[in-house]
Number of protein chains: 2
Amino acid sequence: MNKVHNFSAGPGILPQEVLKQASEACINFDNLNLSLLEISHRSKNYEKVMDEARSIVKELFEVGDDYEVMYLGGGASLQFAMVPYNLLRENGTAAYVNTGVWASKAIKEAKMIGNTKVIASSEDKKFNYIPKGYEIPADADYLHITSNNTIYGTQLHNFPKSSIPLVCDMSSDIFSRKVNAKDFSLIYAGAQKNMGPAGSTMVMVKKDVLGKTGRKMLSMLDYQVHIKGGSMYNTPPVFPIYVTLLTLQWLKKNGGIAWIEGVNNAKAQALYNEIDRNSLFYGTTAVEDRSKMNVCFLLHKPELETEFDKLWKEANISGIRGHRDVGGYRASLYNALPLESVNVLVDVMQHFEKKFGQ
Amino acid sequence: MNKVHNFSAGPGILPQEVLKQASEACINFDNLNLSLLEISHRSKNYEKVMDEARSIVKELFEVGDDYEVMYLGGGASLQFAMVPYNLLRENGTAAYVNTGVWASKAIKEAKMIGNTKVIASSEDKKFNYIPKGYEIPADADYLHITSNNTIYGTQLHNFPKSSIPLVCDMSSDIFSRKVNAKDFSLIYAGAQKNMGPAGSTMVMVKKDVLGKTGRKMLSMLDYQVHIKGGSMYNTPPVFPIYVTLLTLQWLKKNGGIAWIEGVNNAKAQALYNEIDRNSLFYGTTAVEDRSKMNVCFLLHKPELETEFDKLWKEANISGIRGHRDVGGYRASLYNALPLESVNVLVDVMQHFEKKFGQ
């Protein structure tokens, strides 16, 4: 079998050794002669998985016992509702920065729950930059930001200094680089990009922001219920959480955040350098806000698309078709993507220029 | 490796061939040379999975296009809230039958959302029977029942005739027997007992009951949003849904509901016959309400527990420890459990009687 270079925007590439372990666990988990898919989540073998999956997040983020980690179903989209439901007081206000489609969806749900103010937006330029220099209302209950924008290929390289609780959707760049997690009161991420497969969402929350809204809450939407139950208030998404643990163990074993940040910088640099050098392509976003996870680029001559598509497909490249809102191409460089795959793409781009450039 | 007889109450046993297919898909799905865990849910290969997973439910239930099928994250527990959120009008009333812990939790969430009336309950006898002969309020928005009670080992063998929309939590006995699905307006089930692994929940709803509450709804809690998105409003639990499809394909291929009902009747009869015959054991529930999925039984002499435990463990039996609310033993006989495993348990019980009976 030829190796596929998987640039999928998400669900995205996972480490080969993780996929092998996941495959084995479907047949025989933990030498029980039983599949992980058919054992009780209350078994001590699985409770160990859940405990480790929670503690490794705190370890990688270097936070203490003032934070709790949960794994929940429903995706980051459910968190768009759960964040305001748990943090926005009945008469309070939430502040949001709108940097793309996902932030817009988060804002829509927050507005259903309470007063929601959009304090900055890059919608005026189709979200191709990150707003900066905005004022954060000191009396808002929290500020919500999105660290990376999968669709538009922008990323926050400097987080706002905030005196109010900072909430961040890190779905598409979590654990890709060093962040000072203690600056955040809540971080959430759908697992299916840098953390694991689709089906579970990680929420890390500083306990002191909870229990302040006065709102009577539905059990499944109440962070405190899930924290009390150790993410086992009800049957959790067993297998997705296990594969997430394997992925984070792979990250830790290979050198953790410091190691992966170096790898990710090298990958992004190689690809952006080629986009800037190559006469046939150009990048779509403000240079200083370029995402190191999702690299969006267009052809100067869209009529050459068929020719370029032929070349990258021949090279066993998969998943670089751009999102319909932006068009062109998007190469997602998540943690598990090796530099080798980026080099293959760069080679294809150079070969393409030789054939079709002037 | 010795075969384990897996009587787990859930997540429960899945067919061996399904586990093998699931394991393979973790490495190479659909001959893409990519894992199912790392491809886009928008790929045509996965869209086919989702379409089939939805249509096979309608096929097995023999319903038409007036019904829609969804797969959602969050477990049946999230449905405890979503059902009233979508069906209970602001000034309406919902009627519930309380037959156990899960029904009680559903009632608790419904009460958070609107007027909720418990019209019958078996709480007076620790839920060891199914209430019958109650009156259904003709003006209620819906009647909610739970078809099988995993913890107490009771099951509805006759569904109430209802002039109002009938809603049923079938988490623990879905597709185990023939039901007239057209009598129900909404059926939901956490997949992890008879349908697949943990992490996805199936909801089948008759379209004409939706959109009547006048309630402004959070997107992720709105059935109409998920129906419109074909269960892909956001990234679905990709792998759990795929394994659910494999499990339902296994069921269909082997003869469907008619076939499995025969197998399940044979398994339940073999075990209940032994409980009734054996001088050392007794059943915990009203005989006419006994569950064919979860068989609860106790020792007349609890002091013999250690001896019995030793015997079934030697026979490679797993997961028959009773729930803490009932004690004793609980053997779950879900679809994928072969009659052979029940025969092994019956042999152990007979051997035990020979050694310790009088």
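Because the structure is predicted, anything quoted here is derived from the model rather than measured.

### Observations regarding the relation of the copies chain A and chain B
Laying chain A over chain B is done by rotating through 180 degrees and shifting 0.0 Å along the axis; what remains is an RMSD of 0.0 Å. One copy is carried onto the other by what is essentially a two-fold rotation axis. The overlap is high: 100% of the interface residues of chain A also sit at the interface in chain B, so the same surface is used on both sides.

### Remarks on the interface of chain A and chain B
Contacts between chain A and chain B engage 49 residues on the former and 49 residues on the latter. Only α1 (16–25), α3 (75–87), α4 (101–113) and α6 (238–253) of chain A provide two or more residues apiece to the side of chain A that touches chain B.

### Comments concerning the sheet that holds strand β12 (residues 294–299) of chain A
Residue and element names in this part refer to chain A. Here three strands make up an open sheet; going across it, the order is β11-β12-β14 and the pairing antiparallel. Looking at the sheet topology across the chains shown, the edges are occupied by β11 (281–283) and β14 (329–332). Across this sheet, the average inter-strand angle for adjacent strands is 35 degrees, counted without regard to direction. Pairing of β11 with β12, which is carried by three bridges, proceeds in the antiparallel orientation. Within β12, the residue paired with Phe281 across the bridge is Leu299.

### Some words on the nonpolar core
Among the nonpolar cores identified, the biggest contains 208 residues, and A:Met202, A:Tyr242, B:Met202 and B:Tyr242 are the most heavily contacted of them. Once you skip the residues sitting within four places of it in the chain, B:Met202 turns out to touch B:Val57, B:Val69, B:Tyr71, B:Tyr188, B:Ala189, B:Ala191 and B:Met195.

### Focus: the domain arrangement of chain A
Residue and element names in this part refer to chain A. What the domain assignment reports for chain A is domain 1 (16–253) and domain 2 (256–356). Distance between the C-alpha centres of domain 1 and domain 2: 28 Å. Contacts between domain 1 and domain 2 engage 22 residues on the former and 23 residues on the latter. Put simply, the parts of the chain that give the side of domain 1 that touches domain 2 at least two residues each are β6 (148–149), β7 (154–155) and α6. Grouping the constituent residues of the side of domain 1 that touches domain 2 by class yields seven nonpolar, ten polar and five charged.

Reading the values: rules and limits
Residues numbered from 1 in each chain as written. Chains lettered and ligands numbered in written order. Predicted model: local features only at pLDDT ≥ 70, side-chain atom pairs only at ≥ 80, totals over all residues. Least-squares fit on C-alpha atoms with pLDDT ≥ 70 in both. Contact = placed C-beta atoms within 7 Å. Helix = DSSP H or I, 4+ residues; strand = E, 2+ residues; numbered from the N terminus. Pairing = 2+ DSSP bridges. Axes fitted to C-alpha atoms, helices over the stretch in contact; angles between N-to-C directions. Core = buried A, V, L, I, M, F, W, Y, C linked by C-beta atoms within 7 Å. Buried ≥ 20, exposed ≤ 12 C-beta atoms within 10 Å, placed from the backbone. Domains from an automatic or database assignment. Nonpolar A, V, L, I, M, F, W, Y, C, P; charged D, E, K, R; others polar.

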